[in-house]
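Residue-level structural notes
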Amino acid sequence: MKKFSLCLFLSAIAIVCGAKEINVFTPNTSLVLSVKEGSPVELLYYGDRLDNTAQLSAAQFQGEPAYPCFGYGSAFFNASALSVTHSDGDLATNLLYVADSYSCKDGVHDWLVHTRDSKHKFEVDLCYRSYDNCDVLEMWTVIRNGEKKPVVLEKYASAALPVRQGDVWVSHEHGKWAAEACLVEEPLNAGHFEVSDIAGTKNAFLNRPNILLSLDGKPSENSGRTIGAVLCWSGNFKMSIDTEGYMHHHLVCGINETGSRYTLKKGESFTTPALALVYSNEGKGGVSRNYHRWARHNGKIHDGLGLRKILLNSWEGVYFNVSQESMEKMMDGVRDLGAELFVMDDGWFGRKYKRNNDSYALGDWYTDTDKLPQGVPALEQAAAQRGLKWGIWIEPEMTNTLSELYEQHPDWVVANPGREPICGRGGTQLTLDMSNPAVQDFVFRVVDNIMKETPDTYYIKWDCNMEIINTGSQYLSADRQSHFYVDYQLGLIKTLERIRAKYPELVIQCCASGGGRVNYGLMPYFDEFWVSDNTDAEQRLFIQWGTSMFFPTGAMAQHVSASPNHQTGRELPLKFRFDVAMSGRLGMEMKPSDLSADEFEFARKAFSTYKDIRPIVQQGDLYRMISPYDNTGYASQVLVSEDKKQAVFFAYKIRQYVNQNKPRFRFDGLDPDACYRLTELNAAGAPEGWEGQIFSGKFLMNTGLELKLPGVYSSCVIKAEKVD
Ligand code: DGJ
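Keep in mind that what you see is a predicted model, and the values were worked out from it rather than measured.

**A closer look at the site of the ligand**
- Around the ligand, a shell composed of 13 residues is seen, among which Asp345, Asp346, Lys461, Asp463 and Asp533 lie nearest.
- One of the side-chain N or O atoms of Asp345 is found 2.8 Å from an oxygen atom in the ligand.
- At a separation of 2.9 Å, an oxygen atom of the ligand approaches a polar side-chain atom of Arg425.
- For the ligand, the protein covers 98% of the area, taking 290 Å² as the surface of the free molecule.
- Per-class residue counts for the shell around the ligand are four nonpolar, three polar and six charged.

So this is what it looks like as structure tokens:
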């Protein structure tokens, strides 16, 4: 660890008279602000790093408002980031520059631009943070009410960015249950574009709070100026782009203001969630790799540099039919395969009401002694005896009307005051109100009690299967009902912080009916996420491809499941299923006893192979090559260790046509001047034949390999190692 003093450049707050530029930089990019005392802060430029910002005025660049406000001499109608009703009823805000500061500590750079309204004692700090290890730039605001009476925040976005018009395309992700993160790409035209969500708890199912803007026409994986924008928030969000004039598209990103007017009393402040921006000249792939490095190296995913274990999760093996015997049988199988962790999913709990299906017992976190007469500690022990770590499923923010918890605390559920709540999953599920400190304490204790009863618990799968469909809090007062969506998230984060303070080493998976909560608001508290409830390897290729735009492979839980697949009914070869799952955090979601003897042996070898390539797959840089979305019938990608000494290449065939064009399969991200020795992994049947062959990085990247990939659902995994 570097010493604080080594890099501490805290500049005093500087009051300036003339205009000056503030260069908010990352290693390769700059965002340049123009500030002048008594004037609004302007954003002049975002792109390649500039060390001489005077070039901008020489090139006659004109600024756009850095944080556009509603109501005072501004033409920004939809594109305002801040809209406030002040204490005297004034709807206008006019933020003027007051001062700025810069500091740097341990490779983290912080800029703060202090602004104040021209009429009210109402202040906003524009905050910017960058890191020496990636080109991600975080932007957020701190909004402070210095007025004598309360003010109401009607809209309080995190940040705005003007993007010069041209052939600009937007890529965003849309999904639903078992079909998350479908990539949608379209040109940006005049008018209003928006991706938003109002599901309350699961903000990544329908639309995700992440977009890409390709500035040089149709998005490309490896070339073209591309901007990424990711909102680090797990609640309702809105990312909008308004194109009203002829110069710029106006991107505004933040908490979705629908149903969320937020009152600040005198002296109170509100910190908006960060918008994480990336600018890259290397297309979508360049943007992705920056987000991945940022997440791994800067705590944006909990324990981002830790290696994840191979696990078996019991859900698709037995669903709710948990028992000592069924668990132990799966443990035996997965131990023989060489896995390292066993996770018992839903179905293990319930006292008065038993969790035999999804209508009962959420909140009653007592072992169901009919199913597990010796209790969970006996299972933890059974796992340990087999050399396996132990993990368990919970859904702590939820209850069922058929539960002891609901009988005792009907006032704890999310409900509109005075109305019967509408139920979700199983016809009886309800969400607990995380804005209520008593509920926060209860949720903390769900984890704490598990850790007390079974202290060797290594892993928790934290599920969340219900959106907020009863928008209201029984805890918040009548004049604070519109704080509910935001206070739910703040309560959840507070609880997770408390859990992390006590259990920093616990591995926690973020799950929400699959990938419903894959967002950077929660990932600092979670080690990984369940990508999707859809474990069909073909569909997973698409879901994983979309998810990897913003999230690193080491955090993506990818499990081999039974064939025919339980969601699609599709039959796929075991090798294909493994080759798809092995490009992320490998696991299994089936009874090992359902494998034939040959399959068992293949799986055993594949687990062992995975242990060898795990650091490359989980910590490497991802280069996506052939997109399954391009409908060629092929897909490929390569993961390259950060030192470029090792790489693992994956290719898949997912369609078969007569006279189908077959590409040469190229690598990327290697050292062009180095030589690499190839080894085929997971070979089954006739190998592709690359064993021991040596090629230059340049050849592999520019020319590529002829792969056989003989039939549909054939696949190939190749390890490349630098030869000294
Ligand atoms: C939804 C999750 O996505 C599944 O993996 C499983 O844990 C079920 N919930 C259990 O109810």
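**Remarks on the packing of aromatic side chains**
- The tally for this structure, following the rule as stated, stands at 36 aromatic pairs.
- Residues Tyr156 and Phe270 carry aromatic rings whose centres are separated by 5.2 Å and whose planes lie at 75° to one another, so their mutual orientation is edge-to-face. With Tyr156 in strand 10 (residues 151-164) and Phe270 in strand 19 (residues 269-271), the pair connects residues that are 114 residues apart, well separated along the chain. The same class applies to Tyr156 and to Phe270, which are both buried.
- Ring geometry for Tyr520 against Phe551: centres 4.3 Å apart, planes inclined by 15°, an arrangement best described as stacked. Separated by 31 residues along the polypeptide, Tyr520 in the loop between strand 27 (507-510) and strand 28 (528-530) and Phe551 in the loop between helix 9 (537-547) and strand 29 (556-561) bring together distant segments of the chain. Of the two residues, Tyr520 and Phe551, both sit in the buried class.
- Among the aromatic side chains, those forming a connected cluster through ring pairs are Tyr291, Trp294, Tyr520, Phe529, Phe550 and Phe551.

**Some remarks on the nonpolar core**
- If you look at the biggest cluster of nonpolar residues, it comprises 132 residues, and the most contacted ones within it are Phe342, Met344, Trp348, Trp462 and Phe578.
- Once residues lying within four places of it in the same chain are set aside, the contact partners of Phe578 are Val560, Leu586, Met588, Phe602, Ala603, Ala606, Phe607 and Asn682.
- By size, the runner-up hydrophobic cluster in this structure holds 63 residues, among which are Cys69, Val195, Met239 and Val252.

**Remarks on unusual backbone geometry**
- For the peptide bond that leads from Ser563 to Pro564, omega is 0°, which places it in the cis range.
- Mapped onto the fold, Pro564 is located in the loop between strand 29 and helix 10 (574-581).
- Its identity as a non-glycine residue notwithstanding, Asp106 has a phi of 50°, on the positive side.
- By secondary structure assignment, the location of Asp106 is in the loop between strand 6 (95-105) and strand 7 (108-117).
- Overall, Asp106 belongs to the partly exposed group, its relative accessible area being 26%.
- Positive phi, normally seen in glycine, also occurs at Asn659, with a value near 55°.

**Details of the environment of Met139**
- Along the chain, Met139 turns up in strand 9 (residues 136-145).
- When the C-alpha positions of Met139 and Glu186 are compared, they lie 26 Å apart, and in sequence the two are 47 residues distant.

**Comments concerning the domain arrangement of the protein chain**
- Annotation of the protein chain at the domain level lists domain 1 (19-297), domain 2 (315-619) and domain 3 (624-723).
- Listed by partner, the interface residues are 11 residues for domain 1 and five residues for domain 3.
- Among the residues domain 1 hides against domain 3, the three largest losses belong to Leu183, Glu221 and Asn222. Together they make up 53% of the total.
- Inspection of the domain 1/domain 3 interface yields two salt bridges.
- Across the pair Glu221 and Arg624 runs a salt bridge whose closest N-O atoms are separated by 2.9 Å.
- Scanning the region where domain 1 abuts domain 3 turns up five residue pairs in polar contact (both at pLDDT 80 or more).
- Elements represented by at least two residues in the side of domain 1 that touches domain 3 include exactly strand 12 (182-187) and helix 2 (283-297).
- Looking at the side of domain 1 that touches domain 3, the element that brings in the most residues is helix 2, giving six residues.
- In terms of residue class, the side of domain 1 that touches domain 3 is made up of three nonpolar, four polar and four charged.

Rules used throughout
Residues numbered from 1 in each chain as written. Predicted model: local features only at pLDDT ≥ 70, side-chain atom pairs only at ≥ 80, totals over all residues. Heavy atoms only, no water. Near = heavy atom within 4 Å. Polar contact = N/O pair within 3.5 Å; in protein donor to acceptor, adjacent residues only side chain to side chain. Areas by Shrake-Rupley, 256 points an atom, 1.4 Å probe, with all protein chains shown as cover. Nonpolar A, V, L, I, M, F, W, Y, C, P; charged D, E, K, R; others polar. Phe/Tyr/Trp six-rings, centres within 6.5 Å; stacked < 30°, edge-to-face > 60°. Helix = DSSP H or I, 4+ residues; strand = E, 2+ residues; numbered from the N terminus. Buried < 20%, exposed > 50% of the residue type's maximum accessible area, 1.4 Å probe, protein only. Core = buried A, V, L, I, M, F, W, Y, C linked by side-chain atoms within 4.5 Å. Contact = heavy atoms within 4.5 Å. Domains from an automatic or database assignment. Buried area = accessible area lost by both parts, 1.4 Å probe. Salt bridge = Lys/Arg side-chain N within 4 Å of Asp/Glu carboxyl O.

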